[in-house]
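Summary of structural features
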Amino acid sequence: MPLKTYLERSLIWFYALPVFFFPLSTAGAGIAAGLFLLLYVLSGGWRHWRRLRARRWWLPLLLMMLWTFIGLLWTSDLHDGFKVAATAAYGIYAFMGATLAWEERQVRHFVRLFLAGLSLNAALAALITWHLLHWHYDPTMPFVGLSDHIWWSMALTHAILWLLWDIKAVWNFPRIVNLPLLAIFAAELALSPGRSGQLLFVLLTPVAIFLLYSGAWRYWAMGGIAAVLALMTLSPFIQARLELGYENLQQFAAHPASTDTSWGIRLATMWAGAEMFWRHPLLGVGTGDFAPAMEALQRAHAVTDTPGTRNDSAANSYLSEAAVLGLPGLLLLLWFLLSLTREAWLGRSSPQGWFVLTYLGIFWIGGLYNTLTWGYADALGIAIFAGLPLHRSWTEARA
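A look at the confidence of the model for the protein
Overall, the predicted model of the protein reaches an average pLDDT of 88, with 91% of residues at or above 70. Segment residues 395-399 is flagged for pLDDT under 50; beyond a separation of four residues in sequence, or across chains, it makes 1 contact in the model.

Following this line, the structure appears as structure tokens:
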């Protein structure tokens, strides 16, 4: 078999490697992504670029990437500008994924690597928290493992939403495997300090259950959700985080001129993002120029001061995009997300369609209080997920 042919057939197996490493190591994910890129070029996978025409999102994604790089022309901070542009450049993985010759067994391999990475980090999180594994441990971050606690909570919610589909479809694993995985992920989500993912669990899981189940199954599933919510309510870690959040908001309301709390800083950056968009609606302040622009607003006492903290985003995907790239940047982001969401919704009965649709629910809502578009794992993740064959139906192929 010619080397190029062998490499091309192996490409899809490497496409999923960054997803496996996301919860474990950003360096590992980066190396895996670089390895796939190298193999893609050597195999000549780019020769199948015409397959992109079948995807609804290719044009808005391309324009969004180009506009982000054009925004470097009027930025005053090229260092941060290139970091933001790099996250936009991850969109190339969506294009590469869309040109691959996907088969059902390869989608199954992709999902299994996703679950394997989460399962490994879940085991490490328990061992570290229980002091059975000697690793750096922060007592305020239990059951997080090697991940960032915000990303980890969102990833656990994504896995739970996926498992709800597979428990019904029995496409990837039998229920005897899926049910313990669901219990482990739900327990770690309930016991960890990730408020972002916990809120998404509360909002999205009932919707998923009503879309997937009917009759008695629906009520059993809702009972399971109620049990997880009860566990969250009883968790001392979650109680402490909720109390801290309430105290943060009280402090911000009482002293709006200056804040050093978690939620106070989030609100301050959101305010700054809205102010930048109001003052620069057409072009924004420039790619990567959020921090210098916010510091200028703070010196002018136009937004809340955050002493000792340099803020490089608005803690909101949409405000961040609008602040640095103006109305065109915001509209291109929304166009891309809507195109991808429509494609995933139409393919929601397929495993890859449901997988991406549930992630998009997390991305849409989570982006209201996190800048997911500029996060490493989130930006690379949505690009890789977009490259999955959402327009394919394995049932139709077998027929």
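What follows continues from the structure just given.
Section: the packing of aromatic side chains
Throughout the structure, instances matching the rule amount to 23 aromatic pairs. Aromatic pair Phe110 and Phe355: ring centres 5.9 Å apart, planes at 90°, arrangement edge-to-face. Of this pair, Phe110 sits in helix 7 (residues 104-129) while Phe355 sits in helix 16 (residues 351-366), and the two are 245 residues apart along the sequence. The exposure classification of Phe110 matches that of Phe355, with both residues buried.

Notes on empty space enclosed by the protein
Applying the stated criterion across every chain yields a total of 2 cavities of 30 Å³ or more. By volume, the largest cavity amounts to about 220 Å³. Considering the residues around the largest cavity, the lining is formed by 18 residues, among which Met64, Thr87, Ala88, Thr373 and Ala379 are closest to the centre. At the level of elements, helix 4 (58-70), helix 5 (78-89), helix 15 (317-346) and helix 17 (376-386) are the ones that each hand at least two residues to the lining of the largest cavity. Looking at the lining of the largest cavity element by element, the count peaks at 4 residues for helix 15. Looking at the lining of the largest cavity residue by residue, the classes come out as 13 nonpolar, 4 polar and 1 charged. Empty space within the second largest cavity amounts to approximately 130 Å³. Taken together, 15 residues make up the lining of the second largest cavity; nearest its centre are Trp151, Ala155, His158, Tyr359 and Asp378. Mapped onto the lining of the second largest cavity, the elements with two or more residues apiece are helix 8 (149-169), helix 16 and helix 17. Looking at the lining of the second largest cavity residue by residue, the classes come out as 12 nonpolar, 2 polar and 1 charged.

Overview of the side chain of Asp378
With respect to the helices, strands and loops of the structure, Asp378 is situated in helix 17. Here Asp378 occupies a buried position and makes no salt bridge, while the nearest side chain of opposite charge, Arg266, is found at 11 Å. Look past the residues within four positions of Asp378 in its chain and what remains in contact with it is Trp151, Tyr359, Phe363 and Leu372.

With respect to the environment of Met294
When you line up the elements, Met294 lands in helix 14 (residues 290-299). The class of Met294 is buried, set by a relative accessible area of 1%. Separated by 20 residues in the primary sequence, Met294 and Ala314 have C-alpha atoms spaced 9.4 Å apart. Those residues in contact with Met294, other than ones at most four positions away along the chain, are Ala268, Thr269, Ala272, Met276, Val303, Thr304, Thr306 and Asn311.

Let's talk about the environment of Leu380
Secondary-structure assignment places Leu380 in helix 17. Taking the C-alpha atoms as reference points, Leu380 and Ser147, 233 residues apart in sequence, are found 16 Å from one another. Leave out the neighbours within four places in its chain, and Leu380 touches Pro18, Phe22, Ala33, Tyr90, Tyr93 and Gly375.

Let's talk about helix 17
In terms of burial, helix 17 is largely enclosed, as 10 of its 11 residues are buried. For helix 17, the set of buried residues is Ala377, Asp378, Ala379, Leu380, Gly381, Ile382, Ala383, Ile384, Phe385 and Ala386.

As for helix 7
For helix 7, built from 26 residues, the straight-helix expectation of 38 Å at 1.5 Å per residue is met to within 8% by its first-to-last C-alpha distance of 38 Å. Two residues or fewer past helix 7, His131 is found with a positive phi of approximately 60°.

Remarks on unusual backbone geometry
Despite not being glycine, His131 shows a phi value in the positive range, around 60°. The topology assignment puts His131 in the loop between helix 7 and helix 8. Located in the positive-phi region is His301, a residue other than glycine, with phi close to 60°. Relative to the assigned elements, His301 resides in the loop between helix 14 and helix 15. Judged by relative accessible area, which is 72%, His301 ranks as exposed.

A word on the nonpolar core
Formed by 113 residues in total, the largest nonpolar core has its most connected members in Trp57, Phe110, Trp162, Phe185, Met276, Phe355 and Ile384. Residues within four places of Phe355 in sequence aside, it is in contact with Phe110, Val111, Phe114, His158, Trp162, Phe385 and Leu388.

A few points about the layout of surface pockets
One simple way to see leftover space: roll a probe sized like a water molecule over the atoms. Taken as a whole, the largest pocket spans an internal volume of roughly 770 Å³. Around the largest pocket, the lining comprises 36 residues; the ones closest to its centre are Thr371, Trp374, Gly375, Tyr376 and Asp378. Those elements that provide at least two residues to the lining of the largest pocket are helix 5, helix 8, helix 13 (262-279), helix 14 and helix 17. Looking at the lining of the largest pocket element by element, the count peaks at 4 residues for helix 5. Residue composition of the lining of the largest pocket, by class: 17 nonpolar, 12 polar and 7 charged.

Each value, and the rule that gives it
- Residues numbered from 1 in each chain as written.
- Predicted model: local features only at pLDDT ≥ 70, side-chain atom pairs only at ≥ 80, totals over all residues.
- Heavy atoms only, no water.
- pLDDT = per-residue confidence, 0-100.
- Contact = heavy atoms within 4.5 Å.
- Phe/Tyr/Trp six-rings, centres within 6.5 Å; stacked < 30°, edge-to-face > 60°.
- Helix = DSSP H or I, 4+ residues; strand = E, 2+ residues; numbered from the N terminus.
- Buried < 20%, exposed > 50% of the residue type's maximum accessible area, 1.4 Å probe, protein only.
- 1 Å grid on protein atoms, 1.4 Å probe; cavity = no way out; pocket = protein on both sides within 12 Å on 5 of 7 lines; lining within 4 Å.
- Points joined across faces, edges and corners; volume = space filled by probe spheres on them.
- Nonpolar A, V, L, I, M, F, W, Y, C, P; charged D, E, K, R; others polar.
- Lys, Arg positive; Asp, Glu negative; His and termini not counted.
- Salt bridge = Lys/Arg side-chain N within 4 Å of Asp/Glu carboxyl O.
- Expected span 1.5 Å × (residues − 1).
- Core = buried A, V, L, I, M, F, W, Y, C linked by side-chain atoms within 4.5 Å.

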